[in-house]
Amino acid sequence: MNEMLEITTSNNTKIILNLEDLFKFRGERKNRDYFDKRLGSLLFILGIILLVIPYFWLIYNSRFSFKELWNPTEPGLIISNISIFLIIYGLYLKRDKKVFDSSLHLEDLSDLRKKIKNNAQKVYELENAFSVEVLQILDEVYAKHKDFFLVALSDYMVSVSKEKKLLESRLGLDLKSLKNALLEHFKTKTTSFEVMAAEFFRDLLDKANFIESDYIDEKILLATLIEKYWKEVLREFEITELDIKGFILWLKNEQKNLNYQKKWKRLSKLKPKGPINRAYTSRATPMLDEFGYNLTARIIDRGFSISIGRENEINTLLQTLEQESSAAAIIIGEPGVGKTHFLEYLATRMIIEDVPKELRDSRLVVVDLNKVFAKAGSIDHFKQILQQILEEVVESKSLIIAFEDFSQILSIRTEGRMEIINLVMNMITRYNIKTITTTTLSDYYKYVKPIKTLAALFTPINLNEPSKEVTLQILLDEVKQLEKKHNLTIQVSAVKRIVEFGNEFDFERVMPDKGNRLLEEAVIRAEQNNFKVIDEDLIDELLSEKIGVNVGEIRQDEAIKLRNLEEEMHKRVVGQENAISAVASALRRARAGIISSNRPSCFIFILWSHRSWKN
Amino acid sequence: MLDIFLKPFYWWYAVIVRSYFIYLFLNYSFYLNKTDTIPMFKNIFVPLFGRKGITNRIISLFLRFWWVVFGFTFSTVLIIPMFLFGILLLILPFLPIIQTYRIVT
């Protein structure tokens, strides 16, 4: 085996990995780390005892004085000085190895990513890309099962790894059956380390870069195995590529949250906790304080929120807000699609300073239009309040203003409507107020599009319903909270069923909102019936009630009815053999679930003469 | 073998002392930030509340100047014990060596 492994990643960067260094402990890395920690603790305690005992001895013999502390002739003091070495060495052995290694070489994967972006140099030596746990796993598996590397690694990840619970909670897999299926699958394949090393490490690096992790940790290892090597096996468990994609997107989101938390820990010491204008440079903003709320401050109090799979949308929004003229955007999306959550995501990024320079020291203030309407006695008063708010925004600067449900202003049915719209437009264009508004698609076409100047002023950003795989991950996040709150277990297959039938019920709402509501209904139903587990059957029952057609497995009485559908229909219709058989087949196909979910179950176009029993 | 003796020293300064001084710097920034010294210093010539008359400019400069002086003094006094502990961490590995040298000489 070559000692140095050269890997070319997907962004054409050559990375050199020292395999000898990686596997130098020959399967003993875990034991060695454990031994080091124990020995470190022992030496540390011993050092402390040796440091303290001589002083107690001096105090006990009434010979202690502060002058003696610096007297090196006392044998006890010599011992206590030596003990300093023991303390330092003990702490060194007990150290967090990840921190030490990264400080020694001052480089981890995120530093490497930055280097690759900024530098033309193409070859990097990779020494500290692995977390301690992954190093231990790789070391053990390589030493014991070099020729069946992938099989042993898969087995380890399913049976021993800390992250194996993700397979159950996020993909709904049964670990025992998965393990057996994996062993069966890899029986006939070549999985020796020599053959697959370069590809395997390249995949690991690519995945870590995609997820934006500082280290290749157990989660990255699991994600790589799932996406690259277990795909075919997972298909047997009805886990599609889309499900895997959703899972990896969720992992990326979790990592982003962790990175943000880490950054916030550092930034929070430098960020103001109270009102932003602490240098008393700008005028007071009483109207804005009364009718709006500071979303950035709220996010600091409540915690970060990150939208999954909305990177393109947030980038468009940031580009719009960066513009020097008409920095105004309109977010278009159906109720429940996550418009407010999207605003919270923007606020989170502003706090973390993951935004262009101009927006870093800004605050995001959301104007509560309902409050303005309630307070304003007349339309003139409303206009006056709005003008004052906008003037305050102009004066205070470093502020982004947001109007949720903007169509509330546009749909005012009085003569003053156009005046108000003109006021808003003028203020935004003249002073380039950074504005974000939200509305629904129908309202956008009804109120914004007809006024051409208004439509031209705002950059539209469409928030579509998230894809099925992303919806599943959002709902699984919700499941965690519901399970904790109601002390129930919600199976992943049940959540999958909700996503599967997402297009078939509650047409006024969109996912993930309607999925959430159905989950809450399921929890209430389970509590009423004293169920401890919410499974597919309970969801099927609820879905059947909502859709009006049975969903899920076909019961025996229903099967008989379906089989004899023609006879049942003939009880009411005489003749029409072709039509009845066509309708019955279509209904049977729909019930068996072998039709496209985007098309209607059956479409009948009956064309016949007047009074020919069409009904 | 040399590694075993040298690495702990290297680790002590590269990790422990470095992270302590980063922590100390962040704490100092926190105190300066909490007392509004930094924003006041940044805006030392900016009049208060956006009123740009000459009288207000003079009053603002006077107020901001003393604010910065007091804020800076207060933060520095608070950070001194931490700084002394930092110095102790810096010399700690050399303490036994100094003592040994004193015994020998």
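Rules behind the numbers
- Residues numbered from 1 in each chain as written.
- Chains lettered and ligands numbered in written order.
- Predicted model: local features only at pLDDT ≥ 70, side-chain atom pairs only at ≥ 80, totals over all residues.
- Heavy atoms only, no water.
- Core = buried A, V, L, I, M, F, W, Y, C linked by side-chain atoms within 4.5 Å.
- Buried < 20%, exposed > 50% of the residue type's maximum accessible area, 1.4 Å probe, protein only.
- Helix = DSSP H or I, 4+ residues; strand = E, 2+ residues; numbered from the N terminus.
- Contact = heavy atoms within 4.5 Å.
- Salt bridge = Lys/Arg side-chain N within 4 Å of Asp/Glu carboxyl O.
- Polar contact = N/O pair within 3.5 Å; in protein donor to acceptor, adjacent residues only side chain to side chain.
- Axes fitted to C-alpha atoms, helices over the stretch in contact; angles between N-to-C directions.
- Parallel < 35°, antiparallel > 145°, perpendicular 65-115°, else oblique.
- Nonpolar A, V, L, I, M, F, W, Y, C, P; charged D, E, K, R; others polar.
- Expected span 1.5 Å × (residues − 1).
- Arc of directions from axis to C-beta.
- Pairing = 2+ DSSP bridges.
- pLDDT = per-residue confidence, 0-100.

Undergrad: Mind showing me how you'd approach the nonpolar core here?
TA: In a soluble, globular protein the nonpolar side chains are often hidden away together inside. Residue and element names in this part refer to chain A. Formed by 63 residues in total, the largest nonpolar core has its most connected members in Phe130, Leu167, Phe200, Phe201, Ile216 and Trp230. Ranked by residue count, the leading element in this core is helix 10 (residues 193-211), at nine residues. Look past the residues within four positions of Phe201 in its chain and what remains in contact with it is Leu5, Ile7, Leu17, Leu19, Leu22, Phe130, Leu138 and Phe193.

Undergrad: I keep staring at the pattern of salt bridges and nothing clicks. Help me out?
TA: Two side chains carrying opposite charge are able to pair once their charged atoms lie near each other. Residues and elements named next belong to chain A. Throughout the structure, instances matching the rule amount to 22 salt bridges over all chains. Across the pair Glu311 and Lys256 runs a salt bridge whose closest N-O atoms are separated by 2.9 Å. Taken together, the residues span a long stretch of sequence, with Glu311 in helix 16 (residues 311-322) and Lys256 in helix 13 (residues 241-267) at a distance of 55 residues. Among the residues examined, Glu311 registers a relative accessible area of 28% and is labelled partly exposed. Of the charged contacts in the structure, one is a salt bridge between Glu290 and Lys375, with a shortest N-O distance of 3.5 Å. Highlighted residues: Glu290 in helix 14 (residues 286-291) and Lys375 in helix 18 (residues 369-375), separated in sequence by 85 residues.

Undergrad: In this structure, what is going on with the environment of Tyr13(B)? I would like to understand it.
TA: Residue and element names in this part refer to chain B. With respect to the helices and strands, Tyr13 occurs in helix 1 (residues 2-34). As a C-alpha pair, Tyr13 and Pro93 span 80 residues in sequence and 9.6 Å in three-dimensional space. Excluding anything up to four places from it in sequence, Tyr13 contacts Arg18, Leu90, Pro93 and Phe94. Polar contacts involving the side chain of Tyr13 include one to the main-chain carbonyl oxygen of Leu90, which spans 2.5 Å.

Undergrad: Even after reading the chapter, I still don't get the packing of helix 2 (residues 29-60) of chain A against helix 6 (residues 132-144) of chain A, so can you show me in this structure?
TA: For any two helices packed against each other, the geometry is given by the interaxial angle and the distance between the axes. Residue and element names in this part refer to chain A. Remark: helix 2 packs on helix 6, axes separated minimally by 8 Å, with the N-to-C direction vectors making an angle of 135°. Accordingly, the angle class assigned to the pair helix 2 and helix 6 is oblique. Across the interface between the two elements, Arg29, Lys30 and Asp33 of helix 2 pack against Val132, Leu135, Gln136, Asp139 and Glu140 of helix 6. Its residues assigned to classes, the contact of helix 2 with helix 6 comprises two nonpolar, one polar and five charged.

Undergrad: Explain helix 19 (residues 379-396) of chain A to me, please; I cannot follow it from the model alone.
TA: Given 3.6 residues per helical turn, the α-helix brings residues three or four places apart onto the same face. Residue and element names in this part refer to chain A. With 18 residues, helix 19 extends 26 Å between its outermost C-alpha atoms, agreeing within 8% with the 26 Å of an ideal straight helix rising 1.5 Å per residue. Among the residues making up helix 19, those that are buried are Phe382, Ile385, Leu386, Ile389, Leu390, Glu392, Val393 and Ser396. Relative to the axis of helix 19, the buried residues are bounded by an arc of 155° and lie together on one face. Turning to helix 19, the residues buried within the fold contact helix 14, strand 6 (363-367), helix 18, strand 7 (399-403), helix 20 (407-410) and helix 21 (417-431). Looking one or two residues past helix 19, Ser398 carries a phi angle of roughly 30°, positive in sign.

Undergrad: So what exactly am I meant to see when it comes to the sheet that holds strand 9 (residues 459-462) of chain A here?
TA: To summarise the sheet geometry, strands pair through backbone hydrogen bonds and adopt either a parallel or an antiparallel arrangement. Residues and elements named next belong to chain A. A sheet is described by the order of its strands in space; here six strands give the open sequence 4-6-7-8-5-9, paired in mixed fashion. The open sheet terminates on both sides in strands that have one partner only, identified here as strand 4 (292-294) and strand 9. Each strand of the sheet is rotated relative to its neighbour by a mean of 25°, with strand direction disregarded. Sheet analysis places strand 4 next to strand 6, joined by three bridges and oriented antiparallel. Residue Gly292 lies in a different strand from strand 6, and its bridge partner there is Val367. With respect to the sheet, helix 16 is in contact with strand 5 (328-332), strand 7, strand 8 (434-439) and strand 9, its orientation differing from that of strand 9 by roughly 165°. Contacts between helix 22 (residues 441-448) and the sheet are confined to strand 5, strand 8 and strand 9, with strand 5 contributing the most and set at about 130° to the helix.

Undergrad: Any chance you could explain the pairing of strand 7 of chain A here in plain terms?
TA: As a general feature of sheets, a regular strand has side chains that alternate between the two faces. All names here are of chain A. Counting buried positions along strand 7 yields five of five residues, so the element is predominantly enclosed. Where burial is concerned, the two faces of strand 7 agree: the one with Leu399, Ile401 and Phe403 and the one with Ile400 and Ala402 are both buried. In terms of strand pairing, strand 6 meets strand 7 through five bridges, oriented parallel. Bridge pairing in strand 7 places Val366 opposite Ala402. The sheet contact formed by strand 7 and strand 8 spans four bridges and is parallel. Note that in strand 8 the partner of Ile400 across the bridge is Lys434.

Undergrad: How do you make sense of the pairing of strand 5 of chain A when you look at a structure like this?
TA: All names here are of chain A. Across the five residues that make up strand 5, a large majority, five, are buried. Taking every second residue as pointing to the same face, both faces of strand 5 are buried, with Ala328, Ile330 and Ile332 on one and Ala329 and Ile331 on the other. Summarising the sheet, strand 5 and strand 8 pair through five bridges and their orientation is parallel. Residue pairing for strand 8: Ile332 is matched across the bridge by Thr439.

Undergrad: Would you mind going over the packing of helix 7 (residues 149-159) of chain A against helix 10 of chain A with me for this structure?
TA: All names here are of chain A. Running from N to C, helix 7 and helix 10 cross one another at 65°; their axes reach a closest spacing of 9 Å. On the side of helix 7, the interface is formed by Phe149, Leu150 and Leu153, while helix 10 contributes Phe193, Met196 and Phe200. Taken together, the residues of the contact of helix 7 with helix 10 break down into six nonpolar, no polar and no charged.

Undergrad: I tried to follow unusual backbone geometry on my own but got confused; where do I start?
TA: Peptide bonds are trans in most cases, and residues, glycine excluded, mostly fall at negative phi. In this chain, Met511(A) is followed by Pro512(A) through a cis amide linkage whose omega measures 5°. Locating Pro512(A) in the fold gives a position in the loop between helix 25 (492-500) and helix 26 (513-528). Look at Arg26(A): it is not a glycine, yet its phi comes out positive at around 50°. Of note, Arg26(A) is situated in the loop between helix 1 (19-22) and helix 2. Exposure remark for Arg26(A): the relative accessible area of 64% places this residue in the exposed category. Unlike most non-glycine residues, Asp36(B) shows phi in positive territory, near 60°. For Asp36(B), a relative accessible area of 11% gives the class buried.

Undergrad: It is not clear to me how the confidence of the model for chain B should be interpreted in this structure. Could you clarify?
TA: Detail in the predicted coordinates should be disregarded across regions flagged by low pLDDT. Residues and elements named next belong to chain B. For chain B, the average pLDDT comes to 85, and 96% of its residues sit at 70 or higher. Here helix 4 (residues 95-104) stands out as the least confident element of chain B, with mean pLDDT 77; helix 3 (residues 54-91) is the most confident, with 91. Interface confidence for the predicted complex, expressed as ipTM, amounts to 0.78; the pTM equals 0.75.

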